[in-house]
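Structural characterization, general
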Amino acid sequence: GVDLEKFYPKDSRKQIDELYETKHKFVLLGVATTWNNRKRLQDFIELSNFLDDKFVIILIGLNKVQLKKLPKNIIGIERTESQDELCEFYSASDLFLNLSVEETFGLTTAEALACGVPSVVYNATACPELVSEDTGFVVEKQNMSELINVINIAQKKGKQFYTNACRNRAITLFDKQERFLEYLNLYNEILNESGK
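Please read all numbers here as calculations on a predicted model, not as lab measurements. (Residues numbered from 1 in each chain as written. Predicted model: local features only at pLDDT ≥ 70, side-chain atom pairs only at ≥ 80, totals over all residues. Heavy atoms only, no water.)

Some details on the sheet that holds strand β3 (residues 74-78)
Either a parallel or an antiparallel arrangement is found when strands of a sheet pair, and the pairing is made through backbone hydrogen bonds. Spatially, six strands are ordered β3-β2-β1-β4-β5-β6 in an open sheet, and the strand pairing comes out parallel. If you trace the sheet from one side to the other, it starts and ends with β3 and β6 (136-139), each paired once. Within the sheet, the average angular offset between the axes of one strand and its neighbour, ignoring direction, is 20°. Pairing of strand β5 (residues 119-122) with β6, which is carried by four bridges, proceeds in the parallel orientation. Bridge assignment links V121 to a residue of β6, and that residue is V138. Lying over the sheet, helix α4 (residues 83-92) contacts β1 (26-31), β2 (55-62), β3 and β4 (95-98), oriented at roughly 140° with respect to β1. The strands touched by helix α5 (residues 107-114) within the sheet are β1, β4 and β5, with β4 carrying the most contacts at an inclination of about 170°. (Pairing = 2+ DSSP bridges. Helix = DSSP H or I, 4+ residues; strand = E, 2+ residues; numbered from the N terminus. Axes fitted to C-alpha atoms, helices over the stretch in contact; angles between N-to-C directions. Contact = heavy atoms within 4.5 Å.)

Structure, rendered in structure tokens:
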């Protein structure tokens, strides 16, 4: 679940624009604790080759070696331990991309939705379950033309088209307090059944 008091739509775009010179650009965000092969950093790099200067990709969680290898239209940031800072990046972005091919849940996607940001996920493991038609897109793994197509659709519609639905989906499905209570109730039910 997501802490909805920590992850919510913030008015942080102006701040991010000033820090990273992203004003008047459509910001695509990717976040990972570790950018390994499963997280598909190479797909973000390939995508950057197809984007014109109206777009910028921001990736959070990169190591120093990865940072040095990025093309100029990708802004790389090392890992942040600050949930407030992460919320600011989510809120400032126009579209969140989770191009992972292996997820047990996809917490970063749920956090982005909680911040009112539509998301694109690959049709792999748990990720497609997080988004709906009104909160984002599911594309086939490594299908660059399909990925570019949905990015263009999201850009034309604009982030505000999705924001309320994204936040509502996070409240309904990913509220940390509600999910913890469900686990607690399930554990109590199992204990009661085993004690009979």
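Next comes the rest of the write-up.
A closer look at the environment of T108
Turning to its location among the elements, T108 is positioned in helix α5. When the C-alpha positions of T108 and L86 are compared, they lie 9.8 Å apart, and in sequence the two are 22 residues distant. If near-sequence neighbours (up to four positions away) are discounted, T108 is found in contact with V31, Y90, F96 and N98.

Description of the packing of helix α1 (residues 13-20) against α4
Contact pair α1 / α4: the axes reach a minimum separation of 8 Å and the direction vectors enclose 95°. Comparing their axes, α4 and α1 come out roughly perpendicular. Listed contacts from α4 to R13, Q15, I16 and Y20 of α1 are E88, F89 and A92. (Parallel < 35°, antiparallel > 145°, perpendicular 65-115°, else oblique.)

Side note on a nonpolar patch on the surface
Among the surface-exposed residues, L186, Y187 and I190 lie close enough to one another that they form a single nonpolar patch of about 300 Å² accessible area. Checked against the element boundaries, Y187 lands in helix α8 (residues 176-194). The exposure class assigned to Y187 is partly exposed, which follows from its relative accessible area of 48%. (Patch = residues over 30% accessible without salt bridge, like charges linked within 9 Å, V, L, I, M, F, W, Y side chains within 5 Å. Areas by Shrake-Rupley, 256 points an atom, 1.4 Å probe, with all protein chains shown as cover. Salt bridge = Lys/Arg side-chain N within 4 Å of Asp/Glu carboxyl O. Buried < 20%, exposed > 50% of the residue type's maximum accessible area, 1.4 Å probe, protein only.)

A closer look at the packing of aromatic side chains
This structure, assessed with the given rule, holds eight aromatic pairs. With centroids separated by 6.0 Å and ring planes inclined at 70°, the aromatic side chains of F7 and Y90 adopt a geometry described as edge-to-face. With F7 in the segment before α1 and Y90 in helix α4, this residue pair connects regions lying 83 residues apart in the sequence. When its relative accessible area of 2% is taken as the criterion, F7 is described as buried. (Phe/Tyr/Trp six-rings, centres within 6.5 Å; stacked < 30°, edge-to-face > 60°.)

Examining the nonpolar core
Core analysis: the largest hydrophobic core is formed by 57 residues, its most contacted members being L28, L47, I58, Y90, L97, L147 and I151. Looking at which element gives the most residues to this core, the answer is β2, with seven residues. Apart from the residues within four sequence positions on either side, L47 is in contact with L28, I57, L97, M144, L147, I148 and I151. (Core = buried A, V, L, I, M, F, W, Y, C linked by side-chain atoms within 4.5 Å.)

Notes on the pairing of β2
A regular strand places its side chains so that they alternate between the two faces of the sheet. Within β2, eight of the eight residues are buried, leaving the element largely enclosed by the surrounding structure. Strand direction decides the pairing type here: β1 and β2, joined by six bridges, are parallel. Pairing of V31 across the sheet is with I60, part of β2. Traced from β1 through helix α2 (residues 41-48) to β2, the parallel crossover comes out right-handed. Sheet analysis places β2 next to β3, joined by five bridges and oriented parallel. Note on β3: the bridge partner recorded for I60 is I77. (Right-handed = clockwise from strand over helix to strand, strands pointing away.)

What about helix α6 (residues 144-157)?
Side chains of residues three or four places apart in an α-helix project in the same direction, reflecting 3.6 residues per turn. The first and last C-alpha atoms of α6 sit 20 Å apart over 14 residues, in line with the 20 Å expected at 1.5 Å per residue. Turning to α6, its buried residues number three or more, namely M144, L147, I148, V150, I151 and A154. Projected down its long axis, α6 carries its buried residues within an arc of 165°, all on one side. Turned more than 90 degrees away from the buried face of α6, the exposed residues are S145 and K156. (Expected span 1.5 Å × (residues − 1). Arc of directions from axis to C-beta.)

Spatial relationships are all this shows, so hold off on functional conclusions.
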